[in-house]
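These are the residues of each chain, in order.
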Amino acid sequence: MQKITPFLWFNDNAEEAMNFYTAVFKNSKIINANRAIEGGPWAAGTIMTGTLELEGQQYMLMNGGPHFKFNEAISLFVNCESQEEVDRLWDTLSEGGEKSRCGWLKDKFGLSWQIIPTALGKLMYDKDPAKSKAVLAAMMKMDKIIIKDLEAAYDGA
């Protein structure tokens, strides 16, 4: 069992979120779904809590009601190895949600994600400050991160 597990509070759509996230990420699975029984605070048969695993990281989800909402103070950072992976995750996770700047988005549940190619860190943290500055300036103009545009800024510095 993982020592620290992020716990995500949903209004009443934790099961939909579990199914969505495990469909988006190839290396994923639903570990358990604890369903309510008759006479409790949740409607019988609905998920109270559940656990899923995405790319080796476990998350617990709960149908907690409308008391709390996600915000940008916490986000899920996804390292992407290719532009194809960035494109797929950006398009899929942002559908029904909200696209933002510099690789950030909110999915249809309001959860914030950062869809970031590993190339960004390699290019932006170069020892040459002119190259780093050029890559940062290019990224600051982007919504979805485009690797070839970062590389062009790096090469042009």
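### Considerations on the nonpolar core
Core analysis: the biggest nonpolar cluster contains 27 residues, and Phe10, Tyr21, Leu61, Leu93, Trp113 and Ile115 have the highest contact counts within it. Those elements that place two or more of their residues in this core are β1 (7-10), α1 (14-24), β3 (47-54), β4 (57-63), β5 (75-80), α2 (83-94) and β8 (112-117). Per-element accounting of this core gives the leading share, six residues, to α1. Not counting the four nearest positions on each side in its chain, Ile115 is found in contact with Val78, Cys80, Val86, Leu89, Trp90, Leu93, Gly103, Leu105 and Ile145. Ile116, Met139, Ala153 and Tyr154 belong to the second largest nonpolar core, which has 13 residues in total.

### Some remarks on the sheet that holds β5
Taken in spatial order, the four strands of this open sheet run β5-β8-β7-β6, and their pairing is mixed. Each edge of the sheet is formed by a strand with only one pairing partner; in this case those strands are β5 and β6 (98-99). Alignment of β6 against strand β7 (residues 104-106), held across two bridges, turns out to be antiparallel. Among the inter-strand pairings, Lys99 is bridged to a residue of β7, identified as Leu105.

Cut-offs and rules
Residues numbered from 1 in each chain as written. Predicted model: local features only at pLDDT ≥ 70, side-chain atom pairs only at ≥ 80, totals over all residues. Heavy atoms only, no water. Core = buried A, V, L, I, M, F, W, Y, C linked by side-chain atoms within 4.5 Å. Buried < 20%, exposed > 50% of the residue type's maximum accessible area, 1.4 Å probe, protein only. Helix = DSSP H or I, 4+ residues; strand = E, 2+ residues; numbered from the N terminus. Contact = heavy atoms within 4.5 Å. Pairing = 2+ DSSP bridges.

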